[in-house]
Amino acid sequence: MQIKPKNYFRHRFLPIEVLMAPHRAKRPHDNGKKKSNKCPFCPGNESETSTELARISNNGKWLLRAVKNKFPVIDEEDGIHEVIIEHREHNKRFANFSVDELTLAIKFALERKAEAEKQPHIKFAALLKNSGRLAGASLQHEHSQLLAFKFVPEVIAAIQKNFNKFKERTGKCPVCEQLKEEVTVFENSYAKAIAPKASRVEYELAIIPKRHFAKFSEIKDEEIRGIAKILRKALKRLAKEGIDYNLLYYDAVADNDFHAFIILLPRKTILGGQEYLTSLITLIHDAKEVREFYRKAI
Ligand SMILES: [Zn+2]
Ligand SMILES: [Zn+2]
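1. Things to note about the overall build of the protein
Along the protein, the regular secondary structure elements total six helices and twelve strands. Computed over its C-alpha atoms, the radius of gyration of the protein comes to 19 Å, within 12% of the 19 Å expected for a compact globule of 298 residues. By its C-alpha atoms, the protein is 55 × 50 × 40 Å across when sized along the principal axes. Put simply, the protein has 298 residues, and 33% of those count as buried. Sequence-distant contacts in the protein: of pairs separated by 6 or more residues, those separated by 24 or more amount to 65%.

2. Here's the deal with the sheet that holds strand β9 (residues 191-195)
Strand order in this open sheet of ten strands is β3-β4-β5-β7-β6-β11-β12-β10-β9-β8, and the pairing throughout is antiparallel. Of all strands in the sheet, those with a lone pairing partner are β3 (52-58) and β8 (183-187), marking the two edges. Put simply, the sheet's adjacent strands are angled 20 degrees from each other on average, direction ignored. Note: strand β11 (residues 245-250) against strand β12 (residues 261-266), six bridges, orientation antiparallel. Note on β12: the bridge partner recorded for Asn-246 is Leu-265.

3. Regarding the nonpolar core
Membership of the largest hydrophobic core comes to 64 residues, with the highest contact counts inside it found for Ile-207, Ile-227, Ala-234 and Leu-264. With residues near it in sequence (within four places) discarded, Leu-264 still touches Glu-204, Leu-205, Ile-207, Ala-234, Tyr-245 and Leu-247.

4. Brief notes about the pairing of β11
Inspection of the sheet shows strand β6 (residues 124-131) paired to β11 by four bridges, in the antiparallel sense. Counterpart to Asn-130 in the pairing with β11 is Asn-246.

5. Points about the environment of Gln-140
Checked against the element boundaries, Gln-140 lands in the loop between β6 and β7 (143-149). The class for Gln-140 is buried, based on 21 C-beta atoms found within 10 Å. Taking C-alpha positions, Gln-140 is 9.4 Å from Lys-92, a pair spaced 48 residues apart along the chain.

6. Details of unusual backbone geometry
Although it is not a glycine, Asn-59 adopts a positive phi angle of roughly 50 degrees. Examined against the element boundaries, Asn-59 turns out to sit in the loop between β3 and β4 (61-68). Since 5 C-beta atoms lie within 10 Å of it, Asn-59 is described here as exposed. At Ser-279, a position not held by glycine, the phi torsion is positive, near 60 degrees. Here Ser-279 lies in the loop between α5 (273-278) and α6 (287-295).

7. Notes on the packing of helix α1 (residues 99-118) against helix α4 (residues 221-241)
Running from N to C, α1 and α4 cross one another at 120 degrees; their axes reach a closest spacing of 9 Å. One element, α1, and the other, α4, form an angle in the oblique class. Considering only the axes of α1 and α4, their crossing is right-handed. Here α1 contributes Val-99, Leu-102, Thr-103, Ile-106 and Lys-107 to the contact with α4, which in turn contributes Asp-221, Ile-224, Arg-225, Ile-227, Ala-228, Lys-229, Leu-231 and Arg-232.

8. Some details on the environment of Leu-248
Considering the arrangement of structural elements, one finds Leu-248 in strand β11. Its 14 C-beta neighbours within 10 Å are what place Leu-248 among the partly exposed residues. A sequence separation of 69 residues divides Leu-248 from Leu-179, and the C-alpha atoms of the two residues are 18 Å apart. Beyond its immediate stretch of four places on either side in the chain, Leu-248 contacts Leu-128, Ile-262, Ile-263 and Leu-265.

9. Here we look at the environment of Lys-92
Relative to the helices and strands, Lys-92 resides in the loop between β5 (79-85) and α1. Sequence separation of Lys-92 and Asn-188 is 96 residues, and the distance between their C-alpha atoms is 25 Å. Each residue touching Lys-92, except ones within four places of it in the same chain, is listed here: His-87, Phe-97 and Glu-142.

10. Considerations on the pairing of β9
Burial analysis of β9 places five of its five residues in the buried class, which makes it a mostly covered element. By the alternation rule, side chains of β9 split into Ala-191, Ala-193 and Ala-195 and Lys-192 and Ile-194, which are all buried. Note: β8 against β9, four bridges, orientation antiparallel. Paired with Glu-187 across the strands is Lys-192, a residue of β9. Linking two consecutive strands that pair antiparallel, namely β8 and β9, is a turn of three residues. Here β9 pairs with strand β10 (residues 205-209) via four bridges, running antiparallel. Residue Lys-192 lies in a different strand from β10, and its bridge partner there is Ile-208.

The rules we used
- Residues numbered from 1 in each chain as written.
- Chains lettered and ligands numbered in written order.
- Predicted model: local features only at pLDDT ≥ 70, side-chain atom pairs only at ≥ 80, totals over all residues.
- Helix = DSSP H or I, 4+ residues; strand = E, 2+ residues; numbered from the N terminus.
- Rg over C-alpha atoms; globule rule 2.2 N^0.38 Å.
- Buried ≥ 20, exposed ≤ 12 C-beta atoms within 10 Å, placed from the backbone.
- Contact = placed C-beta atoms within 7 Å.
- Pairing = 2+ DSSP bridges.
- Axes fitted to C-alpha atoms, helices over the stretch in contact; angles between N-to-C directions.
- Core = buried A, V, L, I, M, F, W, Y, C linked by C-beta atoms within 7 Å.
- Parallel < 35°, antiparallel > 145°, perpendicular 65-115°, else oblique.
- Left-handed = near helix turned anticlockwise from the far one by under 90°.

Shown next as structure tokens:
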């Protein structure tokens, strides 16, 4: 059975789902400041975060921590809202992580997602990153967020349904087909970054493991490393241009088939009325231009 959180509202006929969380107005904002003595994610300020759920340490110092979100979008009885702190250093951005650090951060975050999905009452776990103010981040200290619900959001259910329909109609996986058809921006033995023709924003990238698997819980370490290498190149390009971004992790709902992938969503494009009214996106740069943008020497 799917249970909606207490603070969930759905429009009667528009595809709008809302979680009301007025207490989030009180969460701290660092306004993009380089240094912040009060940053709750910095070493020494551990007591400023909520309950710690997991950590990875080296020589008695933590490298990564997963903590309960102090300003959760949903109550604990309705689901999970975690913050994954991905580095000790306040000013270390994902783009400047080493491949090892990036691999470890993605692996740890995916483990937290898998852990949430193991809980019988959880129907869907969303893993995402907001990087920069235009991408919705209130604190710049590198972190990702995990949100898990007792229900499947409508957009996620629709994506799974569309995937299933394509497979039934053609006998093929739509993501495997994308890997063959779309413009490749970066590639290694384990993963590919493509510039999908149907993107939501300019310079959107889909970072896709080459092997077909439904859930991120099935990913192998070398595949995470392959993804990390590609992500690092793309993020360095965005950092050079000062573009904020989101990272969105997509995989199967329940035990459906799917092909897990990550979307890198640069937040440069301002959506207009057309996009809100019709969901029809107008793009200026085609896939080849996106490839040129990311491959330009830094
Ligand atoms: Zn910090
Ligand atoms: Zn596939």
